[in-house]
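This is what each chain is made of:
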Amino acid sequence: MLPGAGFAWGLTMRGAGLQNLAYPLRSVQGTVTPSRMFFVRDHFEPPKVSLETWSLRVEGRVQHSYALGFSDLVELPSRKLEAVLECAGNGANGSAVSNGVWEGVPISVLLATAHPASDASSVLLEGADRGHLLSDRPLLPYSQVVPMKKCLDPSSLVAYKLNDLALPKRNGFPARALLAGWYGMDSVKWLQRIVVLGPGDRDTVFEKSGMNREYNRLTRQNGHLRVARVSSVKVKSAIAWPSDASKIPAGRYSVWGFAWSGSAAIDSVLVTTNSGKRWDPATLSPHSPRYGWTRWSYPWNARPGEYNVMSRATDRNGNQQPLRRDPTRKDTYELDWCAPVHCTVG
C-alpha cells in the first residue's frame, strides 16, 4: 500500500474499545451538531483519564518547561469558537464531519509562557491514547506534528468544552487540541504533551510510530510521486436531504445540506437536479462563521423521473468545490468533489 493511501484508523481497529461513529447529516437541526452526535474516529482505545490525574506538559525547545493541571488550564484566558471538525478520509457527501462551539485556551498562550527558542519550527501534540499504529512499530502514544505558525494562530486551542459543556470522553475529555480549519487528525484528543521542535528534530514518537506515513496527499505527475501533508480543509458541501438511492413521491421539497471550508466562510452554493446541466443558487443561512459550516437550502418541484442532485460550494477566498476527483491523486484523503445523490421521484 502506498504511504497515506488508507485511513490510519482503519489500520489499527484491533481493540473492542475503538469507536468509528458518524450520524446522518439530516439529523442535525439548526447549525450546531449536538455533542452526542459528534462523529468519532479512534486510532487506539480511549485512555482512562480523570480530572484529578490529567496534566499537560509543555516542553522541548523552550526556555521554561512546565506542567499544568486541569484547574490551572481553566483559569487561563480562553476563547470560544465555532468550528467544523472533519475526518480527512470523510467521503464525498459523507457524514464523518461535525460542527460545534468549542471553548479553550489558545495554544499560543501556553507557548508564550514556555518561551520557545528562536529556531522553533513545529510542535508535536501527543495524546494519552497508545497503541501500535503499524504492525512493525512499537507501542506509542498517538501524536501529530504541526507547524509553529498554525499553533500560534488564535484559532488553535486546547479545548475543554464543546457546546458549552465538558468534552465528552470519546471526544477527548478532559482536554484536546482544536486546530480550526484543519482536518481532524491534527486535533489530538486526550492531549497530554506539547513539545516544541526545531528544524532538525526528527526522532520523535511521530516518526517512530509511523504516523508520518499517514495523512499524506499523494499525486503522480509525469511519472513522479509527490508527497505533501494533508492539513487545511478543502471547500466542500454535502447534501443532507434527499439521501442517496431514495424514492420519494412527486411534490415540492427543500433540498438542503451544509457547506464549509478551512480557508474562509462560505460565499455561495449552487445546486443541480439534472446532473450538472443547469446550476441554480441555493439560499444560505445568514449564520456563516469563519470556521463553522453554513446551512443551505434549495426549493425543488420534483416531478416523476430519475434525478442526480449535486451541490457545489465556493468560499469567500474564491476556492470552489471541484466537480470531480483530481485524477493525479493516489491517496484516499480530501474527498471533496461534488458527489451526485441519485433519487427516484414517482
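Our structure's up above, just so we're on the same page.
Rules of the game
Residues numbered from 1 in each chain as written. Predicted model: local features only at pLDDT ≥ 70, side-chain atom pairs only at ≥ 80, totals over all residues. Heavy atoms only, no water. Buried < 20%, exposed > 50% of the residue type's maximum accessible area, 1.4 Å probe, protein only. Helix = DSSP H or I, 4+ residues; strand = E, 2+ residues; numbered from the N terminus. Arc of directions from axis to C-beta. Pairing = 2+ DSSP bridges. Axes fitted to C-alpha atoms, helices over the stretch in contact; angles between N-to-C directions. 1 Å grid on protein atoms, 1.4 Å probe; cavity = no way out; pocket = protein on both sides within 12 Å on 5 of 7 lines; lining within 4 Å. Points joined across faces, edges and corners; volume = space filled by probe spheres on them. Nonpolar A, V, L, I, M, F, W, Y, C, P; charged D, E, K, R; others polar. Salt bridge = Lys/Arg side-chain N within 4 Å of Asp/Glu carboxyl O. Phe/Tyr/Trp six-rings, centres within 6.5 Å; stacked < 30°, edge-to-face > 60°. Lys NZ or Arg CZ within 6 Å of the ring centre and 35° of its normal.

**Here we look at helix α3 (residues 107–114)**
Item 1. Looking at α3, one finds that the buried residues are I107, L110, L111 and A114. Burial along α3 is one-sided: seen end-on, the buried residues are contained in an arc of 95°.
Item 2. Of the residues one or two after α3, H115 is the one with positive phi, at around 60°.

**What to know about the sheet that holds strand β8 (residues 140–147)**
Item 1. Here we have five strands laid out as an open sheet, ordered β4-β3-β12-β7-β8, and mixed in their pairing. Only two strands of the sheet have a single neighbouring strand rather than two, namely β4 (66–69) and β8. Across this sheet, the average inter-strand angle for adjacent strands is 20°, counted without regard to direction.

**Section: empty space enclosed by the protein**
Item 1. One pass over the structure, following the stated rule, counts three cavities of 30 Å³ or more.
Item 2. Of the voids in this model, the largest cavity is the one considered here, and its volume is about 270 Å³.
Item 3. As for the largest cavity, its lining consists of 23 residues, and the residues nearest its centre are R41, R176, G184, M185 and K189.
Item 4. Residue classes in the lining of the largest cavity are distributed as 13 nonpolar, four polar and six charged.
Item 5. Of the pockets and cavities examined, the second largest cavity occupies roughly 40 Å³.
Item 6. Residue composition of the lining of the second largest cavity, grouped by class: four nonpolar, three polar and no charged.

**Thoughts on the pattern of salt bridges**
Item 1. For the structure shown, the criterion picks out 15 salt bridges.
Item 2. Close ionic contact of D201 with R61 constitutes a salt bridge, the shortest N to O distance being 2.7 Å. With D201 in the loop between β12 (191–197) and α5 (205–209) and R61 in the loop between β3 (55–60) and β4, this pair connects stretches of sequence that are 140 residues apart.
Item 3. Of the residues examined, D201 reaches a relative accessible area of 23% and is grouped as partly exposed.
Item 4. Residues K208 and D203 are paired through a salt bridge, measuring 4.0 Å at the closest nitrogen-oxygen approach.

**Details of the pairing of strand β7 (residues 122–131)**
Item 1. Counting buried residues in β7 gives nine out of 10 residues, a clear majority hidden from the surface.
Item 2. Pairing between β7 and β12: six bridges, direction antiparallel. Counted as the bridge partner of S122 is L197 from β12.

**Considering the packing of aromatic side chains**
Item 1. Under the criterion given, the structure shown has nine aromatic pairs.
Item 2. With a centroid separation of 6.2 Å and an interplanar angle of 75°, the aromatic rings of W54 and F70 are classed as edge-to-face. Taken together, the residues W54 in the loop between β2 (40–41) and β3 and F70 in helix α2 (residues 70–74) connect sequence positions 16 residues apart.
Item 3. The class of F70 is buried, set by a relative accessible area of 18%.
Item 4. Taking 4.1 Å as the distance between ring centres and 15° as the angle between the ring planes, the aromatic pair formed by F258 and W293 counts as stacked. In this pair, F258 sits in strand β17 (residues 251–260) while W293 sits in the loop between β20 (283–284) and β21 (294–302), placing the two residues 35 residues apart along the sequence. W293 carries the same exposure label as F258, and that label is buried.
Item 5. Taken together, the aromatic side chains of W256, F258, W260 and W293 make up a single cluster linked through ring pairs.
Item 6. Positioned above the aromatic ring of Y291 is the side chain of R290, whose terminal nitrogen or guanidinium carbon lies 4.1 Å from the ring centre.
Item 7. Over the aromatic face of W256 sits the side chain of R295, whose NZ or CZ is 3.9 Å from the ring centroid.

**Let's talk about the sheet that holds strand β23 (residues 341–345)**
Item 1. The strand order across the open sheet formed by five strands is β16-β23-β22-β18-β19, and the pairing between neighbours is mixed. If you trace the sheet from one side to the other, it starts and ends with β16 (246–248) and β19 (280–281), each paired once.
Item 2. The pairing of strand β18 (residues 266–272) with strand β22 (residues 305–315) spans six bridges and is classified as antiparallel. Residue pairing in the sheet places V271 in a bridge with S311 of β22.

**Regarding unusual backbone geometry**
Item 1. Cis geometry marks the peptide bond from F173 to P174, where omega comes out at 5°.
Item 2. Inspection of the secondary structure puts P174 in the loop between β10 (165–166) and β11 (176–179).
Item 3. Cis geometry is found at the peptide bond from W241 to P242, where omega equals 5°.
Item 4. Here P242 shows up in the loop between β15 (236–241) and β16.

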